[in-house]
Amino acid sequence: MKLILLGAPGAGKGTVSKLLTAIDGSVQISTGDILRGAVKAQTDLGKKAQGFMSRGELVPDSLIMGIMEKRLQEDDCQKGFLLDGFPRTIPQAEALNELLLKLDIKLDMAVNLDVPRETIMERLTTRRTCSNSSCQEIYNIKSKPPKVEGICDKCGSPVVQRDDETPNVIGQRLDSYNEKTAPLANFYEKEGLLKSVDATVTEDVINFIKKQLQS
Ligand code: AMP
């Protein structure tokens, strides 16, 4: 499958993508995960991105398109991909259209995960993430705690609260989302690719996507 997952921070894009990869071997491409890995490794990209990320602002489109142009041409994308957290702006969506045209790739759909704002705030403040940049498994201290407190079930690394998941930075990320990313729903509606789903319950989202892909 070749999908874009749209939705606010905390809507469940990462969790849904990880579950979908198990269906047909499509890969999850999370620009957030790639950027956090680059910040941790202090690569050029990481150094350029870290200030924006720690303030909860979007990283410039040119840096993001540089990542995506390379990533979409890697062999593991042949089976399909789930774009998680990209595109985040109209210019990114336009650049993605050009890139897909150049690579002769057709998207199946853009799925908008709809979750009430109170649920988003609750999820983001209780979310914890594996600190190992090649794992980044997602936990929740209330609904999905690791088996051993503070330790990732999958890789044994410490599970931490992300720097950008403090109440102030969360507020800034949601503002960026409302201003720059929410208009993408309209963009993909016009492209005839948009499907919206109530994403309060993850399983409902997976069933919805499976059904859409079959029809
Ligand atoms: P995420 O894990 O998707 O919530 O992303 C974490 C942070 O990485 C965001 O708050 C942005 O600073 C940055 N980021 C991730 N994806 C993008 C993108 N497509 N465009 C711009 N900034 C991004």
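That block above? That's the structure.
Along every chain, residues carry numbers that run from 1 in the direction the sequence is written. Reporting of local features is limited, given that this is a predicted model, to residues whose pLDDT is at least 70; pairs of side-chain atoms are given and counted only at 80 or more, and all residues count toward the totals for whole chains, interfaces and linings. To obtain the side-chain values, all non-hydrogen atoms of the structure were used and water was disregarded.

A few words now on the side chain of Asp 164. For the purposes of this entry, the term helix denotes a DSSP run of H or I that reaches at least four residues, the term strand denotes a run of E that reaches at least two, and both are numbered from the N terminus. Looking at the secondary structure, you find Asp 164 in the loop between β7 (159-160) and α7 (167-181). Of the polar contacts made by the side chain of Asp 164, one reaches the side chain of Arg 162; its length is 3.0 Å. N or O atoms closer than or at 3.5 Å make up a polar contact, with two conditions inside protein: a donor-capable atom paired with an acceptor-capable one, and, for residues adjacent in sequence, both atoms drawn from side chains.

Nearness is judged by heavy atoms alone; a residue qualifies as near a molecule or strand once a single heavy atom is within 4 Å of it. Taken together, 16 residues form the shell around the ligand, and within it Thr 31, Arg 36, Glu 57, Gly 85 and Gln 92 come nearest. Contact between the ligand and Arg 88: an oxygen atom at 3.1 Å from a side-chain N or O atom of the residue. Gln 92 has a polar side-chain atom sitting 2.9 Å from a nitrogen atom of the ligand. Considered on its own, the ligand offers 480 Å² of accessible surface; in the complex 96% of this is hidden by protein. A majority-of-atoms criterion places the ligand in the largest pocket. If one sorts the elements of the shell around the ligand by residue count, helix α2 (residues 31-41) sits on top with 4 residues. Following the grouping adopted for this structure description, the nonpolar residues are Ala, Val, Leu, Ile, Met, Phe, Trp, Tyr, Cys and Pro, the charged ones are Asp, Glu, Lys and Arg, and the polar ones are all others, Gly among them. Residue composition of the shell around the ligand, by class: 6 nonpolar, 4 polar and 6 charged. In these tables, accessible area is a Shrake-Rupley quantity obtained with a 1.4 Å probe, and a residue counts as shielded only by the protein chains included in the view. Both site types are read off a 1 Å grid over the protein atoms alone. A 1.4 Å probe that fits but cannot get out defines a cavity, while an open set with protein on both sides within 12 Å along at least five of seven lines defines a pocket; lining residues have an atom within 4 Å of a point. The rule for placing a molecule in a cavity or pocket is simple: more than half of its atoms must lie within 2 Å of the grid points.

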